[in-house]
Amino acid sequence: MLSQLTVFMQNKEGRLASLCQALADADINMHSLYVADTSDYGVVRIFCDFPQKARKVLNQEGFRASIIPVIGVKVPNVKGGLANLLSFLDKAEVNIEYGYCFAVNNEYAIDVLKVDDPDFEVQLVNAGYEIVEKEEIYQRD
């Protein structure tokens, strides 16, 4: 499992900059940042060096931060690669609470999933999927 820092915050000018500055001031390096928003609020998902420390720093700065366990799955970076993974999840009747993906190189992408069954990693591995370790998120090719 990967430790994803998740921050629920008001969608207000300067708020994201404040979040990033708070982490920089605490000597925490972000390796990825994803924002999903509505007109009033946003959810920021971050992979960083020290997620527990980052959570504490952000909570002290008035943000609502938590650590969420997610699964990172390597998916071939080809047409249909993600579709095959999602089809497998559908057949296994795994509920995906949310997910996002990003290409790492020409060979593979990483699909980050929040699923309702954290023990699902074993089924993924048994089906031939490779689970991503923290270091792979931080040190891309």
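Each remark here, short or long, concerns the structure printed above.
About the cut-offs
Residues numbered from 1 in each chain as written. Predicted model: local features only at pLDDT ≥ 70, side-chain atom pairs only at ≥ 80, totals over all residues. Heavy atoms only, no water. Helix = DSSP H or I, 4+ residues; strand = E, 2+ residues; numbered from the N terminus. Rg over C-alpha atoms; globule rule 2.2 N^0.38 Å. Buried < 20%, exposed > 50% of the residue type's maximum accessible area, 1.4 Å probe, protein only. Contact = heavy atoms within 4.5 Å. Areas by Shrake-Rupley, 256 points an atom, 1.4 Å probe, with all protein chains shown as cover. Lys, Arg positive; Asp, Glu negative; His and termini not counted. Charge placed at Lys NZ, Arg CZ, Asp CG, Glu CD. Arc of directions from axis to C-beta. Phe/Tyr/Trp six-rings, centres within 6.5 Å; stacked < 30°, edge-to-face > 60°. Axes fitted to C-alpha atoms, helices over the stretch in contact; angles between N-to-C directions. Parallel < 35°, antiparallel > 145°, perpendicular 65-115°, else oblique. Left-handed = near helix turned anticlockwise from the far one by under 90°. Nonpolar A, V, L, I, M, F, W, Y, C, P; charged D, E, K, R; others polar.

With respect to the overall build of the protein chain
Within the protein chain one finds five helices and seven strands. Counting helices and strands in the order they occur from the N terminus, the protein chain gives β-α-β-β-α-β-α-β-β-α-β-α. Its C-alpha atoms give the protein chain a radius of gyration of 16 Å, within 12% of the compact-globule value 14 Å for 141 residues. Dimensions of the protein chain along its principal axes, counting C-alpha atoms only, are 45 × 30 × 25 Å. Counting every position in the protein chain, which comprises 141 residues, the buried fraction comes to 40%. Sequence-distant contacts in the protein chain: of pairs separated by 6 or more residues, those separated by 24 or more amount to 68%. On the protein chain, roughly 8100 Å² of surface is accessible, and the fraction owed to carbon and sulfur atoms is 46%. Within the protein chain, one finds 13 positive and 21 negative side-chain charges whose respective centroids are separated by 5 Å.

Topic: helix α2 (residues 51-60)
Along an α-helix, a turn takes 3.6 residues, which lines up residues three or four apart on a common side. Along α2, the residues that are buried comprise P51, A54, V57 and L58. Projected down its long axis, α2 shows its buried positions confined to an angular sector of 120 degrees, all on one face. Of the residues in α2, the exposed ones pointing more than 90 degrees away from the buried face are K56 and Q60. Where α2 is buried, its residues meet β1 (2-10), α1 (15-25), β3 (41-48) and β4 (64-76). Looking one or two residues past α2, G62 carries a phi angle of roughly 90 degrees, positive in sign.

Some words on the packing of aromatic side chains
Tallying each qualifying case throughout the model produces five aromatic pairs. On the numbers, 4.4 Å between centres and 40 degrees between planes, the contact of Y34 with Y100 is tilted. Here Y34 is found in strand β2 (residues 30-37), whereas its partner Y100 is found in strand β5 (residues 96-103), with 66 residues between them in sequence. What makes Y100 buried here is its relative accessible area of 12%.

With respect to the environment of M30
Its location among the elements puts M30 in strand β2. By relative accessible area, M30 is classed as partly exposed at 27%. In the structure, M30 is positioned 18 residues away from C48 in sequence and 4.2 Å away in space, judged by C-alpha atoms.

Thoughts on helix α3 (residues 81-91)
The complete set of buried residues in α3 reads G81, L85 and L89. Buried positions in α3, seen along its axis, are confined to an arc of 75 degrees and lie on one side of it. Turned more than 90 degrees from where α3 packs its buried face, N84, D90 and K91 sit exposed. Check the buried side of α3 and you find it contacts β4, β5, β6 (108-115) and α4 (121-126).

What about the packing of α1 against α2?
α2 packs onto α1 with a crossing angle of 125 degrees between their chain directions and a minimal axis gap of 10 Å. The orientation of α1 relative to α2 falls into the category oblique. The handedness of the crossing between α1 and α2 is right-handed. Across from L19, A22 and L23 in α1, the residues of α2 making contact are A54, V57 and L58. For the contact of α1 with α2, a count of residues per class yields six nonpolar, no polar and no charged.

Read these as geometric descriptors, not functional statements.
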